[in-house]
Amino acid sequence: MEFEFIPIDYDYFEVNDRTFVRIIGRNSVGKRVCLIDDCDVYFWAILKESVGEKKIKSVMEKIDAIKIRENSKTIKVLKTQLHDKKFLGKDVKAIKIFIENCKYDGKLAEKINFSEIESIKEHDLAYVTRYILEKKVAPLSWYRVGGSVLENSSEFGGIDSAFEDVDLFVRVEKIEKSNKENANFMPKIVAFDIETDEFDVGKGKILMISLVSDGFRKVLTWKKINEKVENVEYFKDEADMLEAFVKYFKKLQPDILTGYFSDGFDLPYLKARAEVNKVKLSLGLDESVPRFSGGMSPRGRINGVVHVDLFKFIDVAYSQYLQSETLGLSDVANELVGEGKKDYEFKHDSKMSSNDWKKFFEYNLQDSLLTYKLFMKAWPDMMEFSRVMQEPLFSVSRDGMSSNVENYIIHNLFRYDEIIESKPGHHEISKRRERERYEGAFVLQPTPKLYENIVMFDFTSYWPSIISTFNLSRSTFLGDKKPKNLKEKDFLEVDISEKNKSKFYFSKAKGFFPLMLEEIIKKRKEYKEEYKKNSTPILKARSNAFKLLANASYGYQGFFGARYYCPQASAATTAISRDFIKEVISKSEKAGFKAIYSDTDSIALEMKTKSKNQALDFLKKINSELPGIMELELEDFYKRGIWVTTRKGEFGAKKKYALINENGKMKIRGFETVRRDWCTLARELQNQVLFRILKEGDEKSALDYAKQVIKKLESRDVEKDKLVIRAQLKKPLSEYVANTPHVTIARKMVKAGMPVDQGMLISYFIAESKDKKALTRDRAFLPDEDKLYDIKYYLEKQILPAVENIFMVFGIDSEDLVREKKQKTLGDF
DNA sequence: GCTTTCGCTGTACC
DNA sequence: ACTGGTACAGCGAAAGC
C-alpha cells in the first residue's frame, strides 16, 4: 500500500540481533501509523597517507576476517569497501566497514588497530541519526511511503501486537519526500502538572494531577471536599487517581505530552508514586512505563509519545530574548502568552479549608493550561528546530545550542563528501578544558557625560560573518607557523595577541564550516525577508532557527565538547573583530564624528555637526570597504544618552549606559534598573532618574524625585516588598565556600523546613540591628519576618549607589549627596 | 584594631 | 557537561599596617 506520512517520534529496537528503526507518526487522515525500516550500519577506517594499494588490500582482508565472541554469539564484519573521501577538508582513502548491529561498533572498532589505519570514525553515531542520514527521512515533513502492512506478524518480535494504540504498522519498502504542504502540521498535545505534599521526588504523595488538551480540562484528586467543582474529579486514594490518569491519557491519544520541569519533577514523581502504589504507569503505546536516562539531568521517555519538557526548550531557544527575571512558568507565560499564574499561597495540609482546596485545584489546572498555551506558542519554533537540525523532537527539545550546531553540521556534511569527526573522549575533554584562555572582544572606555544626538551602528551577525569571510575553522587551520608549502595569497595570517605576537594561519581554500555558516546567514536573511512579506509564525520560526544557529557557531568552535573544536579559530575570530571595530572607530573620528562607546560589534557616535544623511553616507562608505559578507547596519538614532563612572574610579564604566530615541523610548544597558539582584525601590528610582534626565536634558526634576524617595525611605514610608533583594542559588547549598547573605538565608530556610532547590531565587531584606558591627548576612531576614528595615543600609547600599554616579555627571558628587541627605535627616527628626 | 586587598559570587553585555 | 570572553559590584575573610 502507499500513503502519506509525517514522522514524529523515532526509536530503535532489536530483533534477532538486528537493529530496526521504529517511526511513529500520522497519515494524511490523522491515523497513528508506525513504520518499521532499517538502514546499513557502517563506520570508517581512514588510512594513513603513505599506505599503498597492496597494503590496503591486505588490511581490508584482515578487517573482513575479524570475529569477536559476545554472549556466545559470533560478531563479524559484513563487508568492506574502499572509498575516496574527505576528512577535515583533505582527500583521504577510507575503508567503509559494514556491520550487522551498531551496538558492536565500539568493540569492532577497537579490534581495528592496524598500523596502516590513521583513525576510526563515525562509530559513535546513534542509530536514529544514522537512519535519518542514510535514508533522508527527516522529522516533521511529509513523505510518500510504500510498504506492506503487518498484522499479528511475528516477523518483528510481535511489535505490531504489542503497540495496541497504533492504527497501522507498515514495513517500509519505499519512502520519499512528498509534495504535501507541511507548514502547519499540528500534533495532538496533552499538557500536565502535578501538586504534591513534599518537594523531593517520590517522598510525599501526589495530591492532584491536571490534564489539558484540545477541548479537555481535568483535575484528578483524592482530596475530596464536600463541593462539586468544575473539571475536578475525585478518587478514593492516590492509587485510584494514578490509574485514572493513565486511563485519561490513553483516551486522549496524544502525540506529545508536555510539562514544565517535567523531566526533573512531574514525570519522575508520577513514576515513583506509581511504583509505591503498585499502579502500572503504562503511558507508552506498547503499555511500557516511562524510562529515564541521562544521569545528572534525567530525560523521561515514553514509547511512542514524545515527552517534551518545555522548560528546557524555552531556556535554549528564548531565554536570551526574554525580559522576565526568572524562567519559571508564571514569568515566562506572562511574557510569551500574556497570562500569568493566579496567586496562591501554599499552606500545610491540615490547615486547609474547603475553599483553600478549591483554589488549589484551580491553581493546578491553571498550570497545565499555561503549559498548554506556552507549548502552542513554542511549537512553530520547536518544529522548525527539528526540521532544520534533522533530529527528532525528543532530543531537539532538550539539546543545547552547541548540539544543535553539531547536528546541523552532521546532517549536512554529506554534501562535502566528508567523514564525520568523532566526539572527544573523557581524556581529550579534560585536556581541552585546561587550555589557555584567549583574548575576547574589544570594549571602548567611554567618557562619562550626558551626550546629545547619537547614532548607533552595529555589525550584523558579526562573529559568524568573520568566521565565514576569513574561513576560520578546524579544517582550514594551518597551525602557528608560516606554511612553507603554500603561496602567500593562499593563506591568511592572523595576529592573535598584541602582547606575545603569536600568529595563527588559515587556508584560503573554503572549508565546510565557513561555507555552511555562509549558507545559514543567507537563509536567515531570505526567511526574514519572506517573513516581512508574509508574516506567518512558521516563517518567523524558520528565520529564528537560522539566526540562533549562526549566533551559536562562534561559541561552538570554542566549546570543549565539540567534534569540530577549534580554539585557534575562536581566538582568530575575536582578534579580527577587534581590528575591524577599531578601524570603524578611527574612520568615524576622521569623518568628523566622536566615538562615545563601543562593545564588540556596536559603536555609538556623537553626531556633532553631522546630519542623519551624513551618518548614513558614512555607513554606506564603511560597507563598501568591508570584505565578504561583513556588514555594518544602523541600529537607531538617539536624542540623548548618558554614560557614568564606575562606583569608585574616575573613569567611565563599560557595559553601562542609557539612551532615549526620538520616540521617547529608552534603551538601558547594565544599570541596576536591569539587574534583578537589586531591590525594586532602587531600580525604580534609577529608572525614573534616567528617564527624567534623558527626556529633559538636565538633572533638576530627577534630583527632586530622588529626594522625595529618600525622604519616604527615611520616614519608613516604603513598603517592604520594594526592599526585597533577590539572588539565585547557583549551586547546591553544600558547595558554597562564601557565606553571602543569600546563602545564609537559604540555610535558614532549610532549617525551617522550607523547600530550597538549586536554581531558586532567594528573597530577603536587611533589618536594623543594635550591634553596629553586625555583618549584612546577620541582618538579612525573610520577607515575611516582622522586623524594621534598616534605613541606613538601604540608603547607603541601595539608593545612593543607584543614583550617585548618575548625578556625578552633573557635578553633584557623592559628598554633596551625603550632605544633602544629612541635612534632610536633621530636618526630619 | 583598622584599612586594604583579594577571592567568591551573581548578574549583565555582546 | 551540554557555547565564548569582558565587565561591574557587593560581601566577607585574609593580609597588611
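Residues numbered from 1 in each chain as written. Chains lettered and ligands numbered in written order. Predicted model: local features only at pLDDT ≥ 70, side-chain atom pairs only at ≥ 80, totals over all residues. Heavy atoms only, no water.

Draft legend 1. Expanded view of the sheet that holds strand E27 (residues 652-661). Reading across the sheet, the seven strands line up as E19-E24-E25-E20-E26-E27-E28 and stay open at both edges, with antiparallel pairing between neighbours. Of all strands in the sheet, those bounded by a partner on one side alone are strand E19 (443-444) and strand E28 (666-669). Of the strand pairs in this sheet, E27 and E28 are connected by four bridges, and their pairing is antiparallel. Its bridge partner being in E28, Ile660 is matched across the sheet by Met666. On the sheet, helix H16 (residues 567-590) packs against E19, strand E20 (449-459), strand E24 (594-599), strand E25 (602-606) and strand E26 (632-645) and is oriented at approximately 165° with respect to E24. Packing of helix H21 (residues 791-808) onto the sheet brings it into contact with E26 and E27, and relative to E26 it is tilted by some 100°. (Pairing = 2+ DSSP bridges. Helix = DSSP H or I, 4+ residues; strand = E, 2+ residues; numbered from the N terminus. Contact = heavy atoms within 4.5 Å. Axes fitted to C-alpha atoms, helices over the stretch in contact; angles between N-to-C directions.)

Draft legend 2. View of the protein's contact with DNA strand C. Taken together, the neighbourhood of DNA strand C is formed by 30 residues, with Gly440, Lys654, Lys655, Arg777 and Tyr793 sitting nearest. Backbone atoms, meaning sugar and phosphate, form 88% of the atoms of DNA strand C found within 4 Å of the protein. Here Lys654 contributes a side-chain N or O atom positioned 2.8 Å from a phosphate oxygen of DNA strand C. At a separation of 2.9 Å, a phosphate oxygen of DNA strand C approaches a polar side-chain atom of Arg777. For the surface near DNA strand C, the elements supplying multiple residues, two or more each, are helix H11 (401-412), helix H15 (537-557), E27 and H21. A per-element tally of the surface near DNA strand C places E27 first, with four residues. Its residues placed into classes, the surface near DNA strand C shows eleven nonpolar, nine polar and ten charged. (Near = heavy atom within 4 Å. Polar contact = N/O pair within 3.5 Å; in protein donor to acceptor, adjacent residues only side chain to side chain. Nonpolar A, V, L, I, M, F, W, Y, C, P; charged D, E, K, R; others polar.)

Draft legend 3. Looking closely at the protein's contact with DNA strand B. Lining the immediate surroundings of DNA strand B are 20 residues, of which Asp601, Tyr657, Gly670, Lys731 and Tyr736 lie closest. Restricting the count to atoms of DNA strand B within 4 Å of the protein gives a sugar and phosphate share of 89%. One of the backbone N or O atoms of Val737 is found 3.0 Å from a phosphate oxygen in DNA strand B. In the environment of DNA strand B, a phosphate oxygen lies 3.5 Å from a nitrogen or oxygen atom belonging to the backbone of Ala738.

Draft legend 4. Region of the structure containing the packing of aromatic side chains. Tallied over the full model, the rule gives 43 aromatic pairs. Taken together, a centroid distance of 6.5 Å and an interplanar angle of 85° make the contact between Phe3 and Phe5 edge-to-face. Each member of the pair, Phe3 as well as Phe5, is classed as buried. Measuring from centroid to centroid gives 5.7 Å for Tyr527 and Phe546, while their planes differ by 20°, and the two rings are stacked. Taken together, the residues Tyr527 in helix H14 (residues 512-533) and Phe546 in helix H15 connect sequence positions 19 residues apart. With a relative accessible area of 16%, Tyr527 lands in the buried category. (Phe/Tyr/Trp six-rings, centres within 6.5 Å; stacked < 30°, edge-to-face > 60°. Buried < 20%, exposed > 50% of the residue type's maximum accessible area, 1.4 Å probe, protein only.)

Draft legend 5. Here's a closer look at the state of the cysteines. Inspection of the entire model under this criterion finds zero disulfides. Cys34 takes part in no disulfide bond, and the closest cysteine sulfur, belonging to Cys39, lies 16 Å away. Judged by relative accessible area, which is 0%, Cys34 ranks as buried. The thiol of Cys39 is unpaired, and the distance to the nearest cysteine sulfur, on Cys102, comes to 8.1 Å. (Disulfide = S-S within 2.5 Å.)

Draft legend 6. Representation of the environment of Ser473. Among the structural elements, Ser473 can be located in the loop between helix H13 (462-470) and strand E21 (477-479). Note: C-alpha distance between Ser473 and Glu238 (235 residues apart in sequence) is 57 Å. Within polar-contact distance, the side chain of Ser473 engages the side chain of Thr476 at 2.8 Å.

Draft legend 7. Highlighting the sheet that holds strand E8 (residues 117-121). Taken in spatial order, the five strands make up an open sheet running E5-E6-E7-E4-E8, and their pairing is antiparallel. The open sheet is flanked by strand E5 (67-70) and E8, the only strands paired with a single partner. With direction set aside, neighbouring strand axes in the sheet form an average angle of 30°. The pairing of strand E4 (residues 41-47) with strand E7 (residues 90-99) spans six bridges and is classified as antiparallel. By the bridge assignment for E7, Ile46 is matched with Ala94. The sheet strands contacting helix H1 (residues 53-64) are E4, strand E6 (73-87), E7 and E8, and the helix crosses E6 at an angle near 150°.

Read these as layout, nothing more, since geometry by itself doesn't imply function.
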